[in-house]
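Observations on the model geometry
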Amino acid sequence: MVALSLVTGCALAWIPSAVHRPDRALGRPARAALSAAPARAGFGRMIEEVDQGTDFYKDRLCEEDECELPGADEFTVVILGDLHMDPRKLDDYAEGRDHILPVLQDAQQRGVGVGLVSLGDLGESKACEPPSAELFAGTSRCHQMAADYFGSFGVPYEVVGGNHDLEGIDEFGTDEENLEAFCRIHGKPTPHFVRQIADKTLLVGLTSTIFRKARYTSHEVSIDDAQLRWFAEFVASKPADEGWRVFVFTHAPPMGSGLRVLQENHVVNGCCWLNHSGGQNADPRTTRKFIEVVREHRCIKGWFSGHFHLSHDYEDSITFPGGNNRGSCVFAQVGCMTTRSTRDGKRHSRIVRGTEEGFEICTVNHKKGGEVRLDATITYDGESHESIVLAHPHEDYDHDLWFQAYTPASEDGCYISSPEGVLNADGSWDEKTVCWWHMADGAVLGVHDGMIIEYDATTLAPLGMVVSKDELAGRQVAVIDSALNPACEGAECNVVKEQALVLYDDDSEEVTVIQPNEDGSYWRKIVRNKMIRMKEKRREQAAAIYARDRFAEREDFDVVSSWGPYTSTVGTAKTTGVPGITAKAR
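Residues numbered from 1 in each chain as written. Predicted model: local features only at pLDDT ≥ 70, side-chain atom pairs only at ≥ 80, totals over all residues. Heavy atoms only, no water.

Quick look at the overall build of the chain
Put simply, the rule reads: The helix and strand labels rest on DSSP assignments: H or I over at least four residues marks a helix, E over at least two residues marks a strand, and numbering proceeds from the N terminus. Contacts are assigned to residue pairs that have any heavy atoms within 4.5 Å of one another. Working definition of accessibility: Shrake-Rupley area with a 1.4 Å probe, residue cover restricted to the visible protein chains.
Within the chain, the regular secondary structure consists of 10 helices and 25 strands. If you take every contact in the chain between residues at least 6 apart in sequence, the share linking residues at least 24 apart comes to 67%. With the model as given, the accessible surface of the chain reaches about 26,700 Å², and the carbon-plus-sulfur share is 50%.

As for the pairing of strand 16 (residues 371-380)
Convention followed: Exposure classes here rest on a 1.4 Å probe applied to the protein chains alone. A residue is buried below 20% of its type maximum, exposed above 50%, and partly exposed in between. DSSP calls a pair of strands paired once it identifies at least 2 bridges connecting them.
Of all 10 residues in strand 16, 8 are buried, a share of seventy percent or more. Inspection of the sheet shows strand 15 (residues 358-365) paired to strand 16 by 8 bridges, in the antiparallel sense. Bridged to Thr363 within strand 16 is Arg373. Here strand 15 folds back onto strand 16 in antiparallel fashion, the turn holding 5 residues, of which Gly369 has a positive phi close to 70°. Where strand 16 and strand 17 (residues 387-391) come together, 5 bridges link them in antiparallel fashion. Across the sheet, residue Thr377 finds its bridge partner in strand 17, namely Leu390.

Observations concerning the packing of aromatic side chains
Short version of the rule: Here the aromatic set is Phe, Tyr and Trp, taking the six-membered ring for Trp, and pairing holds for ring centres within 6.5 Å; pairs whose planes are under 30 degrees apart are stacked, those over 60 apart are edge-to-face, and all others are tilted. Ring-over charges, as used throughout, are those where CZ of Arg or NZ of Lys falls within 6 Å of the ring centre and within 35 degrees of the ring normal.
Under the definition given, this model contains 17 aromatic pairs. When the ring centre of Phe56 is taken as reference, the NZ or CZ atom of Arg353 above it lies at 4.1 Å.

Looking at helix 8 (residues 284-296)
Here is the rule we go by: In this scheme, a helix's expected span is set at 1.5 Å multiplied by one less than its residue total. One fitted axis covers the seven residues ending at a residue, a second covers the seven starting there, and the bend at that residue is the angle between these axes.
Its 13 residues give helix 8 an end-to-end C-alpha distance of 19 Å, which sits within 8% of 18 Å, the value for a rise of 1.5 Å per residue. The largest bend in helix 8 is about 35°, located at Phe290. Within helix 8, the full set of buried residues consists of Thr286, Thr287, Phe290, Ile291, Val293 and Val294.

Examining a negative patch on the surface
What counts is decided by this rule: Patch definition: residues with relative accessible area over 30% and no salt bridge; like charges joined within 9 Å; nonpolar side chains (Val, Leu, Ile, Met, Phe, Trp, Tyr) joined within 5 Å. In what follows, salt bridge is the name for a side-chain nitrogen of Lys or Arg lying within 4 Å of a carboxyl oxygen of Asp or Glu. When charges are counted, neither His nor the chain ends are considered; positive counts come from Lys and Arg and negative counts from Asp and Glu. In this description, the location of a charge corresponds to atom NZ of lysine, CZ of arginine, CG of aspartate or CD of glutamate.
Judged by side-chain charge, Glu63, Glu64, Asp65 and Glu66 come together as a negatively charged surface patch. The class for Asp65 is exposed, based on a relative accessible area of 78%.

Brief notes about the state of the cysteines
We apply this condition: Cysteine sulfur atoms that pair up within 2.5 Å are treated as a disulfide.
The tally for this structure, following the rule as stated, stands at 1 disulfide. Here Cys435 is not cross-linked by a disulfide; its sulfur's nearest cysteine counterpart is in Cys414, at 7.6 Å. Owing to a relative accessible area of 8%, Cys435 belongs among the buried residues under this scheme.

Structural notes on the nonpolar core
The line we're drawing: Definition of nonpolar core: a set of buried residues of the types Ala, Val, Leu, Ile, Met, Phe, Trp, Tyr and Cys, connected through side-chain atoms within 4.5 Å.
The biggest cluster of nonpolar side chains holds 47 residues, and the ones touching the most others in it are Leu80, Leu116, Tyr149, Phe150 and Phe153. Counting 41 residues, the second largest nonpolar core, distinct from the first, contains Leu310, Trp429, Trp436 and Ala461.

Structural notes on the confidence of the model for the chain
Spelled out, the test is: Scored from 0 to 100, pLDDT reflects the predictor's confidence in each residue.
Overall, the predicted model of the chain reaches an average pLDDT of 85, with 84% of residues at or above 70. Taken together, the stretch residues 1-52 has pLDDT below 50 and engages in 130 contacts with residues farther than four places along the chain or on a different chain.

Structural notes on the sheet that holds strand 14 (residues 348-355)
Convention followed: Fitted lines through C-alpha atoms serve as axes, helices being fitted only where they are in contact, and the angles separating the N-to-C directions of these axes extend from 0 to 180 degrees.
Strand order in the open sheet formed by 7 strands is 7-6-5-14-15-16-17, and the pairing between neighbours is mixed. Both edges of this open sheet fall to strand 7 (157-159) and strand 17, since each of them pairs with a single strand only. With strand direction ignored, the average angle separating the axes of adjacent strands in the sheet is 20°.

Examining helix 4 (residues 140-151)
The end-to-end C-alpha distance of helix 4, which contains 12 residues, comes to 16 Å, matching closely the 16 Å that a straight helix rising 1.5 Å per residue would cover. With respect to burial, helix 4 is a largely interior element, 9 of its 12 residues being buried. What helix 4 keeps buried is the set Cys142, His143, Met145, Ala146, Ala147, Asp148, Tyr149, Phe150 and Gly151.

A closer look at the packing of helix 6 (residues 225-236) against helix 8
What counts is decided by this rule: Under this scheme an angle from 65 to 115 degrees is roughly perpendicular, one under 35 degrees roughly parallel, and one over 145 degrees roughly antiparallel; angles in between are oblique. Crossing chirality is assigned from the near helix's rotation relative to the far helix, an anticlockwise turn below a right angle marking it left-handed and a clockwise turn marking it right-handed.
Following both chains from N to C, one finds helix 6 and helix 8 inclined at 15°, their axes separated by 11 Å at the closest point. Accordingly, the angle class assigned to the pair helix 6 and helix 8 is roughly parallel. In this structure, the crossing between helix 6 and helix 8 has a hand that is left-handed. Where helix 6 approaches helix 8, its residues Asp225, Leu228, Phe231, Ala232 and Val235 are matched on the opposing element by Thr286, Lys289, Phe290 and Val293.

Let's talk about the sheet that holds strand 23 (residues 476-481)
Overall, antiparallel pairing links the 4 strands, which are arranged 18-23-24-25 in an open sheet. Each of the sheet's edge strands pairs with one partner strand only, and the pair in question is strand 18 (421-422) and strand 25 (511-514). Here 6 bridges tie strand 23 to strand 24 (residues 499-504), and the two strands are oriented antiparallel to one another. Within strand 24, the position partnered with Val477 by the bridge is Leu503.

Brief notes about the side chain of Glu134
Basically, it comes down to this: Polar contact criterion, stated in full: a pair of N or O atoms within 3.5 Å, where within protein one must be able to donate a hydrogen and the other to accept it, and residues adjacent in sequence count only if both atoms are side-chain atoms.
Mapped onto the elements of the fold, Glu134 is located in the loop between strand 6 (113-118) and helix 4. A relative accessible area of 16% means that Glu134 is categorised as buried. At 3.1 Å, the side chain of Glu134 and the side chain of Arg141 are in polar contact.

Overview of unusual backbone geometry
The linkage connecting Pro130 with the following residue, Pro131, adopts the cis geometry, with an omega of 10°. Turning to its location among the elements, Pro131 is positioned in the loop between strand 6 and helix 4. With phi around 60°, His309 is a residue other than glycine that occupies positive phi space. Here His309 is to be found in the loop between strand 11 (300-305) and strand 12 (318-319). One non-glycine residue with positive phi stands out, namely Asp449, at about 55°. Among the residues examined, Asp449 registers a relative accessible area of 19% and is labelled buried.

Overview of the pattern of salt bridges
In the structure shown here, the tally under the stated rule is 28 salt bridges. The shortest N-O distance in the salt bridge between Lys213 and Glu176 comes to 2.7 Å. You can see Lys213 sitting in the loop between strand 9 (201-205) and helix 6 and its partner Glu176 sitting in helix 5 (residues 175-185), a full 37 residues away along the chain. Here Lys213 falls in the exposed class, since its relative accessible area comes to 58%. Overall, the relative accessible area of 46% leaves Glu176 in the partly exposed class. For the salt bridge of Arg373 with Asp375, the shortest nitrogen-to-oxygen distance reads 2.7 Å. Residue Arg373 shares its accessibility class with Asp375, and that shared class is buried. Residues participating in the shared-partner salt-bridge network are Asp313, Lys346, Arg350, Arg373 and Asp375.

Structural data, given as structure tokens:
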């Protein structure tokens, strides 16, 4: 077994070493080795008055050769976002570790509880070991490399699985086999974890357990029912009025967190949120369950997630609870350590430092030599158990909205209060149009970036694409009655009005009816299971090879696919042709 060298400043080296064990101590040196010192300053004053660099605890606890004993409530946790490790390109990981080691050592050497948490997506979803064409993500080799890397930080670590961590599709036949290897290699007795990092302070993590069995896109982060049930019961057993503080770690954030998401990627593909399409049973109630647990249990103080490959240089990379129906929880995005993985060129990791009085969230900027930046200070109100937040603006904050998906708000001036008839009679909608409305059945639809998007009715979080840019461009949009909806009065009006969303163009004879899904939602679940798509692609490639042999005298030919199940309003099956694709267009 091998691990990464701990020599600061050197190139990534491999030396024999043991890997993480879940029963390791919390990394606190013997308290007897530390000398007593005057009582510590208050938490709020502490973080405003001292340097936020790698001598944080040295400056705060020590004077000359004497150091104050830290309280049992003090802790430091380093959080790593999506790593996507590639065994051919390891320099960024060595540099990132060298930036983080002094932070951990500063805390560890002075008796502060320390830990490391990885948010998953540990390996690159590519063939990284030529000549093999096997994807590296999710393999035993991938997880062993990640375990050795985490072990080289010299502190206890925990890891949650992301949407790529069960992608060892050539090595393992089932999700269960892949998950067993993931847990075994990382020393995890269960897919979820719980670790007490300090007095009354718990770290809790949930792992994605579905890849091959994904009903829709395999990039959805799916928390199975057993973990979700355990999570709800566990936090219920740690009430805030008894002083408990819980920090949660998942690969993707829960719906309702308010974090910045990518409309051109995660929204249109339906994989922004935990259990975005309803989890293992496609039940949308499991999508909302996470934020409902947060609202109900004030012990949940922080929730950290990755998945979007975005940096911390956006104001909505951290969202706060005040007035937003998010309980007492602060949600924070965690960026990527490596240049290959980041979408915006920034290389970031997170630090959380805390006590019984509150905590702070910091950024480690790997492109600036490991500079540590204070992003937010959270102080607990002991009576109400609320979190009082102070955000710290920084010159690195990027106010460009290019990556931001629109989230409706009741007072944003974009609401169409009476969506009946033609909604864009004054002209076609384009990429600058922003508006939203309620359908009679309660569905929330809106226009942003030239698309029609569906939003969750309770949180107004984006769910997915209903109409794409190319289909909406130049067309009128109307909401019309689709059934006999006579005028009503009083109790008679309790019947839900039936409506249809239609698109048309005055210059053509085509009218498109936007049919809702069978579950009542409108957003299109277009991207399907990756395993199924790969098999379909192989069949198409085989058909192309066959066609070249069969029609050797022809230079051009088309290979198209026919899919089921078929979607139609007919009551009797008469044709399997897809107009314009496998059959002549009508």
